[in-house]
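Coordinate analysis (summary)
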Amino acid sequence: MVKVNLDLPPDTTFLSEVLYEGLLYLINRVSAEINFKEVHFNPEFLSGEYKELDDGRVDRIRITMARESTT
């Protein structure tokens, strides 16, 4: 089993939202054991999901980040 510890508190930051949305997506698609502190996945859970990725769509994903001005 692959164990994912849920130590990052869910909040409205971009990182937290991306991580928890990804976990929810995987939990919905593959079998997993869930409790409040961790999620247990089958060891082959990622290989099946990677097979279904559309490379053309993945190549078009762009995340623009902005730097805060120090002046």
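Fair warning: this is a prediction, and the values are worked out from it, not measured in the lab. (Residues numbered from 1 in each chain as written. Predicted model: local features only at pLDDT ≥ 70, side-chain atom pairs only at ≥ 80, totals over all residues. Heavy atoms only, no water.)

Some thoughts on the confidence of the model for the chain
Mean pLDDT over the chain works out to 81, with 99% of the residues at or above the 70 mark. Across the chain, the element-wise mean pLDDT spans from 73 in helix α2 (residues 45-51) up to 90 in strand β3 (residues 38-41). (pLDDT = per-residue confidence, 0-100. Helix = DSSP H or I, 4+ residues; strand = E, 2+ residues; numbered from the N terminus.)

Here we look at the environment of T13
By the secondary structure assignment, T13 is in the loop between β1 (2-5) and α1 (14-29). Classification of T13 as partly exposed rests on a relative accessible area of 40%. Within the local environment of T13, its side chain forms a polar contact with the side chain of D11, the two groups lying 2.7 Å apart. (Buried < 20%, exposed > 50% of the residue type's maximum accessible area, 1.4 Å probe, protein only. Polar contact = N/O pair within 3.5 Å; in protein donor to acceptor, adjacent residues only side chain to side chain.)

Comments concerning the sheet that holds β3
Spatial ordering of the open sheet is given by β1-β3-β2, a layout of three strands whose pairing is antiparallel. Across the chains shown, the open sheet's two edge strands, defined by having one partner strand only, are β1 and β2 (32-34). On average, each strand axis in the sheet is inclined to that of its neighbour by 15°, with strand direction left out of account. Packing of α1 onto the sheet brings it into contact with β1, β2 and β3, and relative to β3 it is tilted by some 45°. (Pairing = 2+ DSSP bridges. Axes fitted to C-alpha atoms, helices over the stretch in contact; angles between N-to-C directions. Contact = heavy atoms within 4.5 Å.)

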